[in-house]
Amino acid sequence: MSQNWPDAREALPDPGSAQPGFGAARADIAFEVNGTAVSVNVPPLRRLSLVLRDELLLTGTKIGCDAGDCGACTVLVDGDPVCACLMSAASAAGTAVTSVEGLANGRLSALQASFLAHGAAQCGICTPALLVAATALLDKQPSPTEAEVQDALGGILCRCTGYRKIIAAVMDASLQGASLDFRLPRSGHAIGSSPVRLDGVPKVTGAEKFGGDSFPADALAVLVVRSPHYHASFAFGDLDGWTKAHPGIAGVFTAADIPGKNCFGVIGPFADQPALAEGFARLRGEAVALVAGEREAMLDLDLSDFPIRWTELPHVLQSCEARAGGAKLIHENRAANLLTSGFVERGDPEAALAGAAFTVSGAIDTSYVEHAYIEPEAGYAYLDGDTLVVVACTQAPYMDRDETAKVLGLAVDKVRIVPTATGGGFGSKLDVSLQPLIGLVAMKTGRPAALAYTRTESMISTTKRHPAEMRATIGADADGIVTGMIFEGDFNTGAYASWGPTVANRVPVHASGPYATPNYRAEGRAIHTHGPISGAFRGFGVPQATIMQETLYDELAGKLGMDRLDFRLKNCLRNGSETVTGQLLESGVGIAECLESLQPHWVRATADADAFNRASRDRKRGVGVASCWYGCGNTSLPNPSTIRVGIAADGTVILHQGAVDIGQGSNTVIAQICADALGLPLEKFQLKSADTAITPDAGKTSASRQTFVTGKAAEKAGRALRETILRFANVSENAALQLDGPVIVIREGEATRRVDLATLDVDTEGFVFRAEETYDPPTLPLDARGQGKPYAVYGYGVQIAELEVDLKLGTVKLLKITAAHDVGKAINPLLAEGQIEGGIAQGIGMALMEEYIPGRTENLHDYLIPTIGDVPPIETILIEVPDPEGPFGAKGLGEHVLIPTAPAILNAIRHATGVLVTKIPATPTRIRAGIREKDGIREKEARR
């Protein structure tokens, strides 16, 4: 079934939601698809994208926006790339259409093989469109230049990869041929290798099933009625009468139909969000009712007469407004609209700043940032006996299970969550969205129920990066040693809590940056407004705080007359340092190695900029640097993962791997870790991915925890299984294992023993040998002053940004980004590079263009994210300073890679122009305003 059933948003226009031709007379339309003649009987104006997906079941063609903005639905029509969502079925009559499923005949094309070899497919939702468009390019130009690739693929958005590996894959396709070596590393050599990702082939063939790709044929379509106001009361009219007046409608459901507790949230004590609002809505886009019906009836349904009456109420959208005296409370139990605050204090920061030889102070505001994953939320629910099964995209299946069960009044063992492939998440798909809604319809009707958000619906109703209003002061002595820092920030958490408490508590721990700061105070506050809900987004507030800290570090280095990179190297944490929470970092601190690795790049880049600037008047080049650190996993809270691995009677190693892979590569990385711990080759492994009915809880995919936490559980499970086998064979730990079909061959010295698995008993899951292990990182709570051990492992990184600013226009051209990241141990170097490039692309967006404005930027036309032409060459330097707590020394990476990008870019803009933009993103308008203000000040000073 289709991924883009329209929603029921009153007064929320969406240029992609209109579906002309639904309910109109049908016609037989003939054309060719992937070399086969087809004929469909559909309304002539139905979108080609729907025809391919719904009538021909070619779901490799994705729907991300229905407006031609994302390009995910790109197919070839008579050899030319076309957005299938913008082409009618009638227009396709007589043409030859090629979708991703038609790019190869039984084997991968050279281009598909090249995508796998280069790691150019991460989550995979945009991959089919990129492959199709690149195929058209290569048919005309077999050896394209980078500019030609960028031009050919410029209309297709990717949110994961950062595009650089896509460009390389297309340019190298002619060299790759179809000869990709699928051989996996031999036993004991998985760690440090870069095999083709284990879930890669379906991503490049179009076979991967995302949330909207496998709706049951008999499923009811579900539409969501949402608030058009930031704050409003509402009352329903005659719902029964309206339902009877619309043929094909199975029912309308409201909060009164919810059988459980109409409240959910990712952090139990703060849970405050209703699945369906009761009487009033606190934010624009809040769900208030569900309409379910037969698909064809829903496609043609006009909701303009839906019986609901709205009364708009006063609202506040800014944290400063919500904290002002007399502001109405958004939640009656939260005084001053304060959700919660986090606090860290060490030493005497006031005295340190008072005695500092140099101090700098500043204030910076950041904006809402939209996750903009290319796959809108989608899924379906059905009853399997007395168990509710929800099949949907998610980052946190066990959290979904628990929250859905609570809302629907079910025992947790009567809810099963089956994650589909997830087309990007970045934090927002941690929160429950459609799961309880489709579950409610399935329970009430006894029919499968399916829902896919439109692009606008996704953007208005799901979480954002917290806007921040921050202030800080930092001081240093005459030798350039940082002596003290004070930071405070208000983080706009929107109408409901979501991950606001996590942001408020994580920011004060990290706001010092990876630097020794003996006297320190930081407070982070999560403030309620009627704005969009702010949740988790790659960094949990640390990217915002790092902008504040790193831009002040540049200013402080300037006052000291020190080189900016040298100043950071002088103050960075090292083995034996204590953090601002008093945590002793005994080993594994790699920030100095990152900074040192960038010194020659820094010298070259600054020299290049100086030479350019001496010869240029209207354009100036700048170089910026910024560092990061990030604690992997939850802050001072339990954070366990469990992994099960066993050997079946046929000799297959079955890995129950419940860490949801949203593109970052956990399916492959965790298998690599387990393989080497067990001592068997990766090729013997079969994955059983996340499913709450069959897979142990590996925890949510967030906070850069999966490689570290779940990887450690996989290492423990692999070692435990190995030990079980060795004990059974009565050999020492030095023995080598080999699988020969259903026989385990065990060699120790000259002795060889063969264990025929078929002769041994199997357990209920078909295992002859098995192990299940849990790992929970050792942390300690923070006391009232924020002192303690919040994380067991930290990752570190530094990035240099080189750019050019047009002084007259305020536009920025990125030239290069060089990134050094300490990963502890690069389990899979290619996937690590892909994470770095993708994080940098999101950091570029945050720095220069991404600003979600409620009511104005609710689609991918008005909300800008980086395209393939916006990401410059990226040079990655993988630093390996092992942490003894991590699996094989590995640390997390996913969040870290975004954190330094924006401050490095802002510092480079200031280096080029002398202007620090203090409202992020640094748009041309803001850069130009800063230049004019600076020039005006200079003119005044000259006149004096």
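This text goes with the structure placed above it.
Read on for an overview of the structure. (Residues numbered from 1 in each chain as written. Predicted model: local features only at pLDDT ≥ 70, side-chain atom pairs only at ≥ 80, totals over all residues. Heavy atoms only, no water.)

So, the sheet that holds strand 29 (residues 743–748)
Part 1 of the reasoning: Across the sheet, 3 strands lie side by side as 28-29-30; this open sheet has antiparallel pairing. What marks the edges here is a single partner per strand, and that holds for strand 28 (736–740) and strand 30 (751–756). In this sheet, adjacent strand axes meet at a mean angle of 20° when their direction is disregarded.
Part 2 of the reasoning: Pairing between strand 28 and strand 29: 5 bridges, direction antiparallel. Across the sheet, Leu 737 pairs through a bridge with Ile 746, a residue of strand 29. (Pairing = 2+ DSSP bridges. Helix = DSSP H or I, 4+ residues; strand = E, 2+ residues; numbered from the N terminus. Axes fitted to C-alpha atoms, helices over the stretch in contact; angles between N-to-C directions.)

Points about the packing of helix 3 (residues 110–118) against helix 6 (residues 164–171)
Part 1 of the reasoning: Viewed as axis vectors pointing N to C, helix 3 and helix 6 meet at an angle of 140°, and their least axial separation amounts to 8 Å. On the basis of their axis angle, the class for helix 3 and helix 6 is oblique. Between helix 3 and helix 6 the crossing geometry is right-handed. Mapping the contact onto sequence places Leu 111, Ser 114, Phe 115 and His 118 in helix 3 and Lys 165, Ile 166, Ala 168, Ala 169 and Val 170 in helix 6.
Part 2 of the reasoning: Among the residues making up the contact of helix 3 with helix 6, the classes are represented as 6 nonpolar, 2 polar and 1 charged. (Parallel < 35°, antiparallel > 145°, perpendicular 65-115°, else oblique. Left-handed = near helix turned anticlockwise from the far one by under 90°. Contact = heavy atoms within 4.5 Å. Nonpolar A, V, L, I, M, F, W, Y, C, P; charged D, E, K, R; others polar.)

A few points about the pairing of strand 22 (residues 482–494)
The side chains of a regular strand alternate, residue by residue, between the two faces of the sheet.
Part 1 of the reasoning: Within strand 22, 11 of the 13 residues are buried, leaving the element largely enclosed by the surrounding structure.
Part 2 of the reasoning: As paired elements, strand 21 (residues 468–476) and strand 22 share 9 bridges and run antiparallel to each other. Bridging from a neighbouring strand, Thr 473 pairs with Ile 486 of strand 22.
Part 3 of the reasoning: Where strand 21 hands over to strand 22, the hairpin turn is made up of 5 residues, of which Gly 480 adopts a positive phi near 85°.
Part 4 of the reasoning: Read as a crossover between parallel neighbours, the route from strand 22 over helix 16 (residues 500–510) to strand 23 (residues 519–528) is right-handed. (Buried < 20%, exposed > 50% of the residue type's maximum accessible area, 1.4 Å probe, protein only. Right-handed = clockwise from strand over helix to strand, strands pointing away.)

Examining the packing of helix 17 (residues 542–560) against helix 18 (residues 564–571)
Part 1 of the reasoning: In the contact formed by helix 17 and helix 18, the axes pass within 9 Å of each other and the chain directions differ by 105°. The angle between helix 17 and helix 18 falls in the class roughly perpendicular. Of the residues in helix 18, those in contact with Glu 550, Tyr 553, Asp 554, Leu 556, Ala 557 and Leu 560 of helix 17 are Arg 564, Phe 567 and Arg 568.
Part 2 of the reasoning: Broken down by class, the residue content of the contact of helix 17 with helix 18 amounts to 5 nonpolar, no polar and 4 charged.

Notes on the nonpolar core
Part 1 of the reasoning: One finds Phe 115, Leu 153, Val 170, Phe 487 and Ile 905 to be the most contacted residues of the largest nonpolar core, which totals 157 residues.
Part 2 of the reasoning: Residues in contact with Ile 905, not counting those within four places in the same chain, are Ala 801, Leu 803, Leu 814, Ile 844, Ala 847 and Leu 848. (Core = buried A, V, L, I, M, F, W, Y, C linked by side-chain atoms within 4.5 Å.)

Brief notes about helix 17
Part 1 of the reasoning: Along its 19 residues, helix 17 runs 26 Å from first to last C-alpha, staying within 8% of the 27 Å computed at 1.5 Å per residue.
Part 2 of the reasoning: In terms of burial, helix 17 is a largely internal element, 16 of the 19 residues being buried.
Part 3 of the reasoning: Two residues or fewer after helix 17 comes Gly 561, characterised by a positive phi angle close to 75°. (Expected span 1.5 Å × (residues − 1).)

As for helix 22 (residues 829–848)
Part 1 of the reasoning: With 20 residues, helix 22 ought to run about 28 Å at 1.5 Å a step, and its terminal C-alpha atoms sit 29 Å apart, in line with that.
Part 2 of the reasoning: A large share of helix 22 lies buried, amounting to 17 of its 20 residues.

Details of the packing of aromatic side chains
Part 1 of the reasoning: The tally for this structure, following the rule as stated, stands at 14 aromatic pairs.
Part 2 of the reasoning: Aromatic side chains Phe 728 and Phe 769 sit 5.2 Å apart centroid to centroid with 70° between the ring planes, which places their arrangement in the edge-to-face category. Of the two residues, Phe 728 sits in helix 21 (residues 706–729) while Phe 769 sits in strand 31 (residues 767–775), which places them 41 residues apart along the sequence.
Part 3 of the reasoning: Exposure remark for Phe 769: the relative accessible area of 6% places this residue in the buried category.
Part 4 of the reasoning: An aromatic cluster is present here, built from Phe 215, Tyr 380 and Tyr 382 joined pairwise through their rings.
Part 5 of the reasoning: For Arg 621, the ring lying beneath its charged end belongs to Phe 612, and the centroid distance is 4.1 Å. (Phe/Tyr/Trp six-rings, centres within 6.5 Å; stacked < 30°, edge-to-face > 60°. Lys NZ or Arg CZ within 6 Å of the ring centre and 35° of its normal.)

From the geometry alone we can't say anything about function, so treat these as descriptive.
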